[in-house]
Amino acid sequence: METSIEQKKFIKLELIGEIFTGAVIVFGLLIIQLPLGVSINKPVIYTVAAGVIFFSLVWHQLIPQKFSGAVKNYIESIIDIFAIATTVHFSGGPNSYLTFLYFLPNIDTAVNMGLGRTIILSFLTSLLILGEAIFNVSDGFSSNLSLAALRIWSIFLVTFYGRFLFLQVKKLDEEEQKIKVDKVREINKLKEEFVFLISRKFIFPINSIKNNLKTLFRENIDKETFKTLKIVEQNTQRLKKQIDDLVNISEIESGTLKLESGVFNLKEVAKETIESLKLSATKKNLELEFSGQGARVTADPLRVREVISNLIDNAIKYTNEFGRIEADIYKKGDLAIFSVKDDGIGIPKEVASNLFTKFFRIESGKVEKEGFGLGLFICKELVERMGGKIWVESTLGKGSIFTFSLPLASRA
Ligand code: ADP
């Protein structure tokens, strides 16, 4: 059975063959009008040319594409060989200048088919050339045979040298392809190792800074030191978030991202997460409101916290001072819906569908915020892996609503 890629190749070859046959016949018919010095039976040649064109149209256009493939191509080559034998016979026999036409189906078979079929076709060609030499004894038997030997030799030479060259080039191509694939694999492995290293080696010192900061905050420190330490705390938080994003991405890509599944109240997780972000909102003079009904969902509570935190964090980042952010939870059918609405900078309509792709950021020049453009991509992966969906509605300059759904626990 041929693969569909293999079949596509032969469908393409048929089209090329059809155009080529047409061109060969048109130019051939023009050239035999020249004073070539050999007797050519033109009516027979015209009939063969018309027959070949008719055959080519029926063969390529009327036979359904599902029959396209190596066998159909090979049968065509054999039929072509007989059409060429007739042309040779009526255009000078053993002395015909048109014997070179035998090269075409032989080379086609040599590069597109197996060795067995190539050998069979070149032997068939040799038999026809030999037959032509023996048939035309009147022209001088020994010179006919010598000419036939020369032609058979040239057919074998061109066919098998062509096949050899083609296979060599194909092999080199495959090797080159393999080297490229190996290189990509190696780069990916390095990337994974690098991210693994970051996650293991950096998380420890970051956690240590955080713990030490907590201790320092308990000390009796002056206002200035408090302010400085707060900045250090914020930056440590940001650094941790960015490292977490990189770790998540590497786990998503390597297929090692693990999710737990439990039943919990979405409202409680949302409330806790929002509480922890209140301070950043207050600092920007933003109102951060949360209302909504309790909804027991089946999901991974830590990952849900991560998603909510990302969405609220974005709302804070992309809303100007004195703005308002509202988070809400409600039930719809067998789904729990969480949404966060802001009256921030909004998102241009034409890029809304790209927001959830990897490394996508809107570079406006006016608002330059830190980030890798990974947060929403990770949110989408996490929500979808927990059986939900995530989407955005937004108006540029007016604000955005990011929403995600999760299956309610009763559904499980
Ligand atoms: P980043 O780390 O850049 O914030 P995200 O994947 O979280 O990455 O967000 C991708 C882009 O989507 C952001 O760069 C920003 O342009 C846009 N975006 C996300 N949330 C909002 C929002 N609430 N309001 C306006 N634009 C947003």
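Coordinates for the structure precede this section.
None of the values given here were measured: they were computed from a predicted structure.

(A) Layout of the nonpolar core. Val304, Ile312, Phe338 and Phe404 are the most contacted members of the largest nonpolar core, which totals 46 residues. At 7 residues, the largest contribution of residues to this core is made by helix α9 (residues 301–317). The contact partners of phenylalanine 338, leaving out residues within four places of it in the chain, are Leu266, Ala270, Ile308, Ile312, Ala327, Asp328, Ile329, Phe402, Thr403 and Phe404. Listed in part, the 17 residues of the second largest apolar core include Val88, Leu98, Ala148 and Ile152.

(B) Summary view of the site of the ligand. Around the ligand there are 20 residues in total, and Asn314, Tyr318, Asp342, Arg361 and Leu376 lie nearest to it. One of the side-chain N or O atoms of asparagine 314 is found 2.8 Å from an oxygen atom in the ligand. Relative to its free-state accessible area of 540 Å², the ligand is covered by the protein chains to the extent of 97%. Elements that contribute at least two residues to the shell around the ligand include exactly α9, α10 (375–385) and β7 (399–407).

(C) Main features of the pairing of strand β6 (residues 390–395). Pairing of β6 with β7, which is carried by 6 bridges, proceeds in the antiparallel orientation. Across the sheet, residue threonine 395 finds its bridge partner in β7, namely glycine 399. Taking the residues between adjacent antiparallel strands as the criterion, β6 and β7 are bridged by 3 residues, where glycine 397 takes a positive phi near 85 degrees.

(D) Just the environment of phenylalanine 10, in detail. Inspection of the secondary structure assignment puts phenylalanine 10 in helix α1 (residues 4–31). Judged by relative accessible area, phenylalanine 10 falls into the buried class, the value being 0%. In sequence terms phenylalanine 10 and phenylalanine 67 are 57 residues apart; their C-alpha atoms lie 10.0 Å from each other. Those residues in contact with phenylalanine 10 that lie beyond four places of it in its chain are Gly69, Ala70, Asn73, Asn112 and Met113.

(E) Main features of the packing of α9 against α10. Axis separation between α9 and α10 bottoms out at 10 Å; the angle between their running directions is 145 degrees. Once α9 is placed against α10, the crossing between them reads as left-handed. Contacts from Arg303, Glu306, Val307, Asn310, Leu311 and Asn314 in α9 reach Gly375, Leu376, Ile378, Cys379, Leu382 and Val383 in α10. Classifying every residue of the contact of α9 with α10 by side-chain character gives 7 nonpolar, 3 polar and 2 charged.

(F) Summary view of the pattern of salt bridges. Under the criterion given, the structure shown has 14 salt bridges. A salt bridge links lysine 178 to aspartate 182; its shortest N-O distance comes to 3.1 Å. Of this pair, lysine 178 and aspartate 182 both sit in helix α6 (residues 141–218), 4 residues apart, roughly one helical turn. Residue lysine 178 is classed as exposed on the basis of its relative accessible area of 53%. On the basis of relative accessibility, which here comes to 32%, the residue aspartate 182 falls in the partly exposed class. For lysine 380, the salt bridge is made with glutamate 384, and the minimal N-O distance between the two is 3.3 Å. On the criterion of helical spacing, the pair formed by lysine 380 and glutamate 384 is a turn pair, its members being 4 residues apart in helix α10.

(G) Seen up close, unusual backbone geometry. The phi dihedral of asparagine 285 is positive, around 55 degrees, even though this residue is not glycine. Asparagine 285 gets classed as partly exposed once you look at its relative accessible area, which sits at 38%. In the Ramachandran plot, phenylalanine 359 falls in the positive-phi region, its phi being about 65 degrees despite a non-glycine side chain. Tracing the sequence through the fold places phenylalanine 359 in the loop between β5 (335–342) and α10.

(H) Local environment of the sheet that holds β6. Taken together, 5 strands build an open sheet; the order of strands is β2-β4-β5-β7-β6 and the sheet is mixed. The two strands at the open ends of the sheet, each matched to only one other strand, are β2 (287–290) and β6. In this sheet, neighbouring strand axes are inclined to one another by 15 degrees on average, regardless of whether the strands run parallel or antiparallel. Here strand β4 (residues 324–332) runs beside β5; their pairing, made up of 8 bridges, is antiparallel.

(I) Structural detail: the side chain of threonine 87. Take threonine 87: it is sitting in helix α3 (residues 70–89). Apart from the residues lying within four places of it in its own chain, the contact partners of threonine 87 are Ile45, Val48 and Leu98.

(J) Representation of a nonpolar patch on the surface within the structure. A contiguous nonpolar patch, built from Val26, Phe27, Leu30, Ile31 and Leu34 and spanning about 500 Å² of accessible area, is present on the exposed surface. The residue valine 26 is located in helix α1 in this model.

(K) Here's a closer look at the packing of helix α5 (residues 115–135) against α6. Where α5 meets α6, the closest approach of the two axes is 9 Å, and the angle between their N-to-C directions is 165 degrees. Relative to α6, α5 is oriented roughly antiparallel. Viewed along their axes, α5 and α6 form a crossing whose handedness is right-handed. Contacts from Leu115, Thr118, Ile119, Ser122, Phe123, Thr125, Ser126, Ile129, Leu130, Ala133 and Ile134 of α5 reach α6 at Phe141, Asn144, Leu145, Ala148, Arg151, Ile152, Ile155, Phe156, Thr159, Phe160 and Arg163.

(L) Region of the structure containing the side chain of aspartate 245. By secondary structure assignment, the location of aspartate 245 is in helix α7 (residues 223–254). Apart from the residues lying within four places of it in its own chain, the contact partners of aspartate 245 are Leu374, Gly375 and Ile378.

What counts, and at which threshold
Residues numbered from 1 in each chain as written. Predicted model: local features only at pLDDT ≥ 70, side-chain atom pairs only at ≥ 80, totals over all residues. Heavy atoms only, no water. Core = buried A, V, L, I, M, F, W, Y, C linked by side-chain atoms within 4.5 Å. Buried < 20%, exposed > 50% of the residue type's maximum accessible area, 1.4 Å probe, protein only. Helix = DSSP H or I, 4+ residues; strand = E, 2+ residues; numbered from the N terminus. Contact = heavy atoms within 4.5 Å. Near = heavy atom within 4 Å. Polar contact = N/O pair within 3.5 Å; in protein donor to acceptor, adjacent residues only side chain to side chain. Areas by Shrake-Rupley, 256 points an atom, 1.4 Å probe, with all protein chains shown as cover. Pairing = 2+ DSSP bridges. Axes fitted to C-alpha atoms, helices over the stretch in contact; angles between N-to-C directions. Left-handed = near helix turned anticlockwise from the far one by under 90°. Nonpolar A, V, L, I, M, F, W, Y, C, P; charged D, E, K, R; others polar. Salt bridge = Lys/Arg side-chain N within 4 Å of Asp/Glu carboxyl O. Patch = residues over 30% accessible without salt bridge, like charges linked within 9 Å, V, L, I, M, F, W, Y side chains within 5 Å. Parallel < 35°, antiparallel > 145°, perpendicular 65-115°, else oblique.

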